[in-house]
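Inside the fold
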Amino acid sequence: MTQATADIKIDTTRDERVKPASDAPSTRPEQGALLSVRNLRVWFELRRFGFGHAGYVRAVDDVSFDLNYGETIAIVGESGCGKSSLMKTILGLHRPTEGEIYFENRRLNDFSRREMQWYRTQVGYVQQDPYGALPPFMNVRRILQEPLIIAGVKDPAEREARIRKALEEVKMTPVEEFLPKFPHMLSGGQQQRVVIARAMILNPKLLVADEPVSMLDASVRVEILRLLRALQQAHNLAVIYITHDLSTVRYFSRRIMVMYAGQVVEQGEVNDLLSNPKHPYTQALIEATSDPDAANAMKFREVPSGEPPSLVRPPAGCRFHPRCAYFIADVCDKETPPDFDVGQGHLARCWLYR
Amino acid sequence: MANRSSFDAPLLQVRELVLHFRTSKGVVQAVDGVDFTLNANEAVVIIGESGCGKSSLAKAILRLLPRNVHRYTGKTFLYGQEVMALSDEEFRRTIRWNRIAMVPQAAMNALNPVLRVGDQVAEPLMIHQGMRKSKALEKAVEMFRLVGVPEDFVHRYAFELSGGMRQRVALAMALVTSPDLIILDEPTSALDVLTQANIMNQLKRIKKEMGMSFILITHDIATSSELADRVAVMYAGQIVEVGDALRFFQEPLHPYAQKLMASVPRLRETKDPEFIVGQPPSLINPPTGCRFADRCHRRFARCAEEPPVIEQHGRLVKCWLYTEDGVNQRDASHSRHQD
């Protein structure tokens, strides 16, 4: 699919969105946007001594994107850029402060408890730290059984069959050997497979993977990424892949969004963005990422010093301007740049491209 | 700096170093016969995956041992002086931190929360060199400048600093006694890429300007190449390959090193990375013979025996493939591929 056709699709879904968000599911299932995020803001209130307003932490500030059925998108950013808050809001763990999230054209903001329960069967979550994500007192069978029980699968035989199928899908065979094991008896890679099996067991349409391989050893990392990619293709899953590691992005997703200080500063098709980064922040990220090469030891890397700004009082204008090498006085520190199209749906939020 | 017994000898020589732990399940052979040499103003990178014994190796060099040590043998020479022969007290007084310092793993989270960071950096000087506090604090400020922490941060507490700044403070603590050698255990693993690049820049500068020597212990091969003069690859308690970084990153010799390099995702290449099938062996009763044999794509009959360390063009590799038997084996498999 070319970028152009993808754009058209996004446009049609935008039209559909104008209709009141009824509880009727999408009229054209499995096509168009599965998830739409519109001008999302997630702010956390700061209080002084437990009461008395002391400002907001603007973790996510005006983020919009669409994710089609079966599409993969990577969200890249450093710690504190708001990528986890964005993810948790999409998962329904935080409430949006402003803006909307639509899932199959249904507005997530006003989901009832019941609808939320349904929503959670549609969205799988792969956590960063597999050992922390698995209850230590449950064996693999019980861990995988839990979501089925909560989702109301009453027949034990059916549950067992689905557990086995899920384990086979994540290549934990022979299944019998793993079912009675507890998390501490598994290696890091196997634990992450169980986490993935648990996320997949209710056949979700969307998978949110939060740094799924950052805690794993290099030799296992690729194995897990390949597994996720195989599952994504086999089930036509939409995947949000959250990472700080640019070098794994290409193996996994087609689109990429770069976040800085609560905002998306650049987005586009992966290969285009990585080979031709436009925003100075993305350029810095790429410059700072090393490939194994002895020549690295001979040179200093040109990276901006300093740290990301406070999200309580972010800098006026472009939030990257205090660290930016291309800072334009009276422009970058005054007005917030809009998204500039730098070609084929590649957007950069930077005044350099006005 | 303390007196050196010989200026001709390399900075650090580690010979047949063994560190075994006693556990309820048996003896864990965390470090099992490690040899390597480090020259002055050189950085050796020790690459390995979790559980390969790389952090234990650092502890064995600095003699920071837990209570359940089963066996601790071997020799380490610092400028030719045998430091393993020193008594614990003497080692603590003359070697540890005065001549070999360390930035331990997750050091940034290990700073004392109730001490100002400046006092913490000054502390080794007061304890190890008996310096007066005012003088030690002056030195601390100097170190802060060197590692890129604003000078007025000496009066701050650890919680007032970001992760990157705390990591720099930990580095300042290691630098402050002007040791001959600093051991860095995963110095950048929990940090963001930009912070990581900044700290690697700082380390390069310290190496160049102060002539500092480093042992860098890491699982992150890409970042390790930022500092490496030489690379040692560790697997299951043993070093399987040591060589010059330039040659190593171009063409690793040991099959494990080759596979490990192939598993690194690269930003600037489109080739898909591979993974290594299977898991490292348990260090309780590790297999006799080559410890990587089970997972090795080049395995042959001889691998059931303990592999020798072969020297090839100044590089050391612990693998049967580089013996006469192995060469025949390689030729055989090569011609098979051509058929």
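Residues numbered from 1 in each chain as written. Chains lettered and ligands numbered in written order. Predicted model: local features only at pLDDT ≥ 70, side-chain atom pairs only at ≥ 80, totals over all residues. Heavy atoms only, no water.

Its location among the elements puts Glu49(B) in the loop between strand 3 (43-47) and helix 1 (54-62). One buried charged residue, Glu49(B), remains without a salt bridge, the closest side chain of opposite sign being Arg295(B) at 4.6 Å. A distance of 2.5 Å separates a polar atom in the side chain of Glu49(B) from a polar atom in the side chain of Ser219(A). Once residues lying within four places of it in the same chain are set aside, the contact partners of Glu49(B) are Asp217(A), Ala218(A), Ser219(A), Lys54(B), Tyr256(B) and Leu260(B). (Helix = DSSP H or I, 4+ residues; strand = E, 2+ residues; numbered from the N terminus. Buried < 20%, exposed > 50% of the residue type's maximum accessible area, 1.4 Å probe, protein only. Lys, Arg positive; Asp, Glu negative; His and termini not counted. Salt bridge = Lys/Arg side-chain N within 4 Å of Asp/Glu carboxyl O. Polar contact = N/O pair within 3.5 Å; in protein donor to acceptor, adjacent residues only side chain to side chain. Contact = heavy atoms within 4.5 Å.)

This part covers the sheet that holds strand 2 (residues 51-68) of chain A. Residues and elements named next belong to chain A. Spatial strand order, 2-1-4-5: four strands in an open sheet with antiparallel pairing. Every interior strand has two partners, whereas the edge strands, strand 2 and strand 5 (106-107), have only one. Relative to strand 5, strand 4 (residues 98-103) runs antiparallel, the two being bridged by two bridges. When the bridges of strand 5 are listed, Tyr102 appears paired with Arg107. (Pairing = 2+ DSSP bridges.)

All names here are of chain A. Over its 14 residues, helix 6 (residues 156-169) runs 20 Å from end to end, which matches the ideal 20 Å to within 8%, given 1.5 Å per residue. Within the sequence span of helix 6, burial applies to Arg159, Ile163, Ala166 and Leu167. Looking straight down helix 6, one finds its buried side chains confined to an arc of 95°; they lie on one side. Lining the buried residues of helix 6 we find helix 5 (140-150), helix 7 (175-178) and helix 8 (188-200). The N-capping residue of helix 6, defined by a side-chain oxygen 3.2 Å from the backbone nitrogen of Ala157, is Asp155. (Expected span 1.5 Å × (residues − 1). Arc of directions from axis to C-beta.)

A full pass over the atoms with the stated rule returns 14 aromatic pairs over all chains. Plain terms: the ring middles of Tyr281(A) and Phe320(A) are 5.4 Å apart, the flat faces sit at 65° to each other, and that makes the pair edge-to-face. Taken as a pair, Tyr281(A) in helix 11 (residues 280-288) and Phe320(A) in the loop between helix 11 and strand 11 (340-341) lie far apart in primary sequence, 39 residues in all. Seen from their ring centres, Phe248(B) and Phe249(B) are 5.4 Å apart, and the 80° between their planes marks the pair as edge-to-face. By way of ring pairs, the aromatic residues Phe103(A), Phe111(A), Trp118(A) and Tyr119(A) are connected into one cluster. Over the aromatic face of Trp118(A) sits the side chain of Arg106(A), whose NZ or CZ is 4.1 Å from the ring centroid. Arg156(B) extends its terminal NZ or CZ atom over the ring of Phe153(B), reaching a point 4.0 Å from the ring centre. (Phe/Tyr/Trp six-rings, centres within 6.5 Å; stacked < 30°, edge-to-face > 60°. Lys NZ or Arg CZ within 6 Å of the ring centre and 35° of its normal.)

To continue, consider the interface of chain B and chain A. Opposite the 42 residues of chain B that make contact, chain A presents 42 residues. Carbon and sulfur atoms make up 53% of the surface buried where chain B meets chain A, a total of about 3800 Å² over both sides. Counting the contacts that link chain B with chain A gives three salt bridges. Its salt-bridge partner being Arg301(A), residue Glu226(B) comes within 2.7 Å of it at the nearest N-O pair. Taken together, the links from chain B to chain A amount to 24 residue pairs in polar contact (both at pLDDT 80 or more). (Buried area = accessible area lost by both parts, 1.4 Å probe.)

A word on the confidence of the model for chain A. Considering every residue of chain A, the mean pLDDT works out to 87; 92% of them sit at 70 or more. Counting contacts from residues 1-28 of chain A, a segment whose pLDDT is below 50, to residues more than four positions away or on other chains yields 28 contacts. (pLDDT = per-residue confidence, 0-100.)

This part covers the environment of His184(A). All names here are of chain A. Here His184 shows up in the loop between helix 7 and helix 8. Judged by relative accessible area, which is 55%, His184 ranks as exposed. Put simply, His184 and Glu266 are 82 residues apart on the chain and 40 Å apart in space, counted from C-alpha to C-alpha. In contact with His184, not counting residues within four places along its chain, are Tyr131 and Gln191.

Core analysis: the biggest nonpolar cluster contains 113 residues, and Leu12(B), Phe36(B), Ile61(B) and Ile215(B) have the highest contact counts within it. Broken down by element, this core gets its largest block of residues, eight residues, from helix 5 (residues 163-175) of chain B. Core analysis: the second largest hydrophobic core is formed by 64 residues, Leu216(A), Ile224(A), Phe252(A) and Ala197(B) among them. (Core = buried A, V, L, I, M, F, W, Y, C linked by side-chain atoms within 4.5 Å.)

Turning our attention to empty space enclosed by the protein. For the structure on display, the rule yields eight cavities of 30 Å³ or more. Quantified by volume, the largest cavity comes out at close to 80 Å³. As for the largest cavity, its lining consists of His279(A), Pro280(A), Cys318(A), Phe320(A), His321(A), Cys324(A), Tyr326(A), Ile328(A), Cys332(A), Cys350(A), Trp351(A) and Leu352(A). Each residue belonging to the lining of the largest cavity can be placed in one class, and the counts come to ten nonpolar, two polar and no charged. Its boundaries defined by the atoms lining it, the second largest cavity holds a volume of some 70 Å³. Lining of the second largest cavity is provided by His254(B), Pro255(B), Cys290(B), Ala293(B), Cys296(B), Arg298(B), Arg299(B), Cys303(B), Cys319(B), Trp320(B) and Leu321(B). Taken together, the residues that form the lining of the second largest cavity break down as eight nonpolar, one polar and two charged. (1 Å grid on protein atoms, 1.4 Å probe; cavity = no way out; pocket = protein on both sides within 12 Å on 5 of 7 lines; lining within 4 Å. Points joined across faces, edges and corners; volume = space filled by probe spheres on them. Nonpolar A, V, L, I, M, F, W, Y, C, P; charged D, E, K, R; others polar.)

Attention now moves to the sheet that holds strand 1 (residues 12-23) of chain B. All names here are of chain B. Spatially, four strands are ordered 2-1-4-5 in an open sheet, and the strand pairing comes out antiparallel. Strands with a single pairing partner mark the edges of an open sheet, and in this sheet they are strand 2 (26-38) and strand 5 (81-82). Relative to strand 4 (residues 69-78), strand 1 runs antiparallel, the two sharing eight bridges. Bridge pairing in strand 4 links His20 to Arg71. Those strands touched by helix 1 are strand 1, strand 2 and strand 4, and its axis lies near 110° from that of strand 1. (Axes fitted to C-alpha atoms, helices over the stretch in contact; angles between N-to-C directions.)

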